[in-house]
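Residue strings, one per chain:
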Amino acid sequence: MPAVTLKAHFNGKEIVLDEPFDLPTDSSLMVTILPKENSAESAEWLGVAVAGLEKADGADEPDYSASDVIG
């Protein structure tokens, strides 16, 4: 089975997958504990990112749409 990342949470007693997934018995797992999001800190970082992007564009830079992006 290829590696797959699944969202889950701890309910105080056990780890619970957030979406159904057919997990074979005795599957090897790796668990990563993520820090809780701090909404104030996240908003602050978003503001810094937006400010940086605004500096990257000149005042007369055109607005580009998704169709202008070459993938």
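Nothing here was measured: the structure is a model prediction, and the numbers come from that model.

**Description of the overall build of the protein**
Here comes step 1: Scanning the protein for helices and strands turns up one helix and two strands.
Here comes step 2: Going from N to C terminus, the protein has its helices and strands arranged as β-β-α.
Here comes step 3: Relative to its length of 71 residues, the protein is extended, with a C-alpha radius of gyration of 20 Å against a globular reference of 11 Å.
Here comes step 4: Overall, the protein is about 60 × 35 × 15 Å in size when its C-alpha atoms are taken along their principal axes.

**Structural notes on helix α1 (residues 39-56)**
Here comes step 1: The end-to-end C-alpha distance of α1 is 26 Å, a good match for the 26 Å that 18 residues give at a rise of 1.5 Å each.
Here comes step 2: Counting buried residues along α1, only zero of its 18 residues qualify, which leaves the element largely exposed.

**Focus on the environment of Val16**
Here comes step 1: The topology assignment puts Val16 in strand β2 (residues 15-17).
Here comes step 2: In this structure, Val16 is in contact with Ala8, His9 and Asn11, ignoring residues within four places of it in sequence.

**A look at unusual backbone geometry**
Of all residues except glycine, most have a negative phi; of all peptide bonds, most are trans.
Here comes step 1: In this structure, Asp26 is a non-glycine residue whose phi angle is positive, near 65 degrees.
Here comes step 2: Take Asp26: it is sitting in the loop between β2 and α1.

**A word on a nonpolar patch on the surface**
Here comes step 1: A grouping of Met1, Val4, Leu6, Phe10, Ile15, Leu17, Phe21, Leu23, Leu29, Val31 and Ile33 is seen on the molecular surface, where their side chains present a nonpolar patch of about 1,100 Å² in accessible area.
Here comes step 2: Within the secondary structure, Leu29 is located in the loop between β2 and α1.
Here comes step 3: Note on Leu29: relative accessible area 62%, which makes it exposed.

**Some details on the confidence of the model for the protein**
Here comes step 1: The pLDDT averaged across the protein works out to 84; a share of 97% of its residues lies at or above 70.
Here comes step 2: Mean pLDDT across the secondary structure elements of the protein bottoms out at α1, with 80, and peaks at β2, with 94.

**A look at a negative patch on the surface**
Here comes step 1: Together, Glu54, Asp57, Asp60, Glu61 and Asp63 make up a region of like negative charge exposed at the surface.
Here comes step 2: Looking at the element boundaries, Asp60 is found in the segment after α1.
Here comes step 3: For Asp60, a relative accessible area of 73% corresponds to the exposed category.

Rules of the game
- Residues numbered from 1 in each chain as written.
- Predicted model: local features only at pLDDT ≥ 70, side-chain atom pairs only at ≥ 80, totals over all residues.
- Heavy atoms only, no water.
- Helix = DSSP H or I, 4+ residues; strand = E, 2+ residues; numbered from the N terminus.
- Rg over C-alpha atoms; globule rule 2.2 N^0.38 Å.
- Expected span 1.5 Å × (residues − 1).
- Buried < 20%, exposed > 50% of the residue type's maximum accessible area, 1.4 Å probe, protein only.
- Contact = heavy atoms within 4.5 Å.
- Patch = residues over 30% accessible without salt bridge, like charges linked within 9 Å, V, L, I, M, F, W, Y side chains within 5 Å.
- Areas by Shrake-Rupley, 256 points an atom, 1.4 Å probe, with all protein chains shown as cover.
- Salt bridge = Lys/Arg side-chain N within 4 Å of Asp/Glu carboxyl O.
- pLDDT = per-residue confidence, 0-100.
- Lys, Arg positive; Asp, Glu negative; His and termini not counted.
- Charge placed at Lys NZ, Arg CZ, Asp CG, Glu CD.

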